[in-house]
Amino acid sequence: MDVFCGIDWAEGHHDVALVDDTGKLLVKCRINDDLDGYRLLLDLLAQHGDTAETPIPVAIETSRGLLVATLRQGPRKIYAVNPMAASRYRDRHGVSRKKSDPGDALVLTNIIRTDAPVDRPLPADTDLAQAVAVLARAQQDAVWNRQEAANPLRSLLREYFPAMIEAFRDKPGTLTRPDARRILAVAPTPALAAKLQMWRLTAMLRRAGRRRGIETDADRIQQLFREEAPRQLPLVEDAMGKQALALLRQLDAACQAVDDLARATEEAFRSHPDAAIMLSFPGIGPQVGARILGEIGDDRTRFATAGGLKAYAGSAPITRASGKRRYVGRRFVRNNRLNHVGHLWAFASLSGSSGADARYRRRRAGEDWHMQALRHLFDRMLGQLHHCLLARTPFDESIAFPAEPLPVGTAAT
């Protein structure tokens, strides 16, 4: 007799249901979200035939947390069911739209009892791949948080110190740059900035890590700070300067978090066996590679074909056909993190691969707009990455983008 388990999880407790292969409810209970609760769950599974040879599959609406980590210690299959899919499945058992936590646990159990062949269990990624995923996602979140911290500071500077924004407008990172933050920390108001001497500006640029064009840039910044411009009242300006320093401290912390996580992510990624293959691709550096590896994992049985990986990333188009109507368009249900880094990868590959650049330009010449051409390039290179990871071979430009034959009657030069 096959047994299936469903868990409706919450913050403080979890509802558990077990059914047999005929759909008969064997047991239902509620466990606490602590060690005693986890032990009770494992004992309950063992009482109904859970062993290392015949583990009971579990369905739950999340892929993270201590409960999932506890259940994954072994060969047990864990099915992370999308909450929307569970909601749609609930309507198959009644039209009254009633809902309860024990009832949801039973719904999850029946999902894998009836539809396990079309659902995919959580991949069996190695510990290192899971660690890379945690760090890569944290670093990406830190980058977004850094921008969120920079936005209110920029808005405030526009109200009383626009010259500070103008000084770094064309520089990568603008206000998040170390030199911009160092200068603002010393001179948070236009009055203080106008008094900065050249030697002090050049010293701050050097301490911020600048190596080239220091004198020229310091002279440009000094001129900007000393130009005539509208000013707030002195007391108001001083108050805004103090507010800017408070926001700057938050931005400094966000920038430090980005740098620390970037170093940790790169170190973990470079120690992974797949790193050498991924870094052989044009456009993939340590940070981009870590984000890709974190999202696709290193369980090579997860995606049986390159098409499955492309659909997961959202690079492959989706077709909707009914009768005489047929629509082909881009996917909206996808792994957004992988899709985001895929566009960064495709754009960066244009300068690192002549074949990728030529393909992009052909798509553009065929009236694709910029993002469409990048998506098609990402789709192609993702298929190449799938092949190289399975074959354990590095990227080869001549194989990935073979030279196209010349038109008939054209002489080679």
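In what follows, the structure referred to is the one given above.
Residues numbered from 1 in each chain as written. Predicted model: local features only at pLDDT ≥ 70, side-chain atom pairs only at ≥ 80, totals over all residues. Heavy atoms only, no water.

A.B. asks: I'd like to hear about the nonpolar core, residue by residue, with values.
C.D. replies: In this structure, Phe281, Ile292, Ile296, Trp345, Met381 and Leu385 are the most contacted members of the largest nonpolar core, which totals 36 residues. Counting residues per element, this core draws most heavily on helix 17 (residues 370–391), at nine residues. What Phe281 contacts, discounting residues up to four positions off in sequence, is Trp345, Met381, Gln384, Leu385, Cys388 and Phe395. Core analysis: the second largest hydrophobic core is formed by 34 residues, Leu156, Ala167, Ala187 and Ala193 among them. (Core = buried A, V, L, I, M, F, W, Y, C linked by side-chain atoms within 4.5 Å. Buried < 20%, exposed > 50% of the residue type's maximum accessible area, 1.4 Å probe, protein only. Helix = DSSP H or I, 4+ residues; strand = E, 2+ residues; numbered from the N terminus. Contact = heavy atoms within 4.5 Å.)

A.B. asks: Tell me about the pattern of salt bridges, and please be specific about residues and values.
C.D. replies: Here the structure, examined in full by the defined rule, presents 23 salt bridges. For Glu166, the salt bridge identified is with Arg169, shortest N-O distance 2.9 Å. Exposure remark for Arg169: the relative accessible area of 42% places this residue in the partly exposed category. The partner of Asp379 in a salt bridge is Lys310, and the shortest N-O contact between them spans 3.6 Å. With Asp379 in helix 17 and Lys310 in helix 14 (residues 306–313), this residue pair connects regions lying 69 residues apart in the sequence. (Salt bridge = Lys/Arg side-chain N within 4 Å of Asp/Glu carboxyl O.)

A.B. asks: Let's hear about helix 13 (residues 286–296): which residues, and what values?
C.D. replies: The buried fraction of helix 13 is high, at ten of eleven residues. Every buried residue of helix 13 is listed here: Pro286, Val288, Gly289, Ala290, Arg291, Ile292, Leu293, Gly294, Glu295 and Ile296. Two residues or fewer past helix 13, Gly297 is found with a positive phi of approximately 70°.

A.B. asks: Please provide a residue-by-residue account of the pairing of strand 6 (residues 318–322), values included.
C.D. replies: By the bridge criterion, five bridges tie strand 6 to strand 7 (residues 325–329) in an arrangement that is antiparallel. In the strand pairing of strand 7, Ala321 is matched with Arg326. In this antiparallel pair of consecutive strands, strand 6 and strand 7, the connection spans two residues, and Gly323 shows a positive phi of 65°. (Pairing = 2+ DSSP bridges.)

A.B. asks: I'd like a rundown of unusual backbone geometry, residues and numbers included.
C.D. replies: Not every positive phi belongs to a glycine, and Thr174 is a case in point at roughly 45°. Position of Thr174 among the secondary structure elements: in the loop between helix 6 (162–167) and helix 7 (178–186). Thr174 sits in the partly exposed class, given a relative accessible area of 35%.

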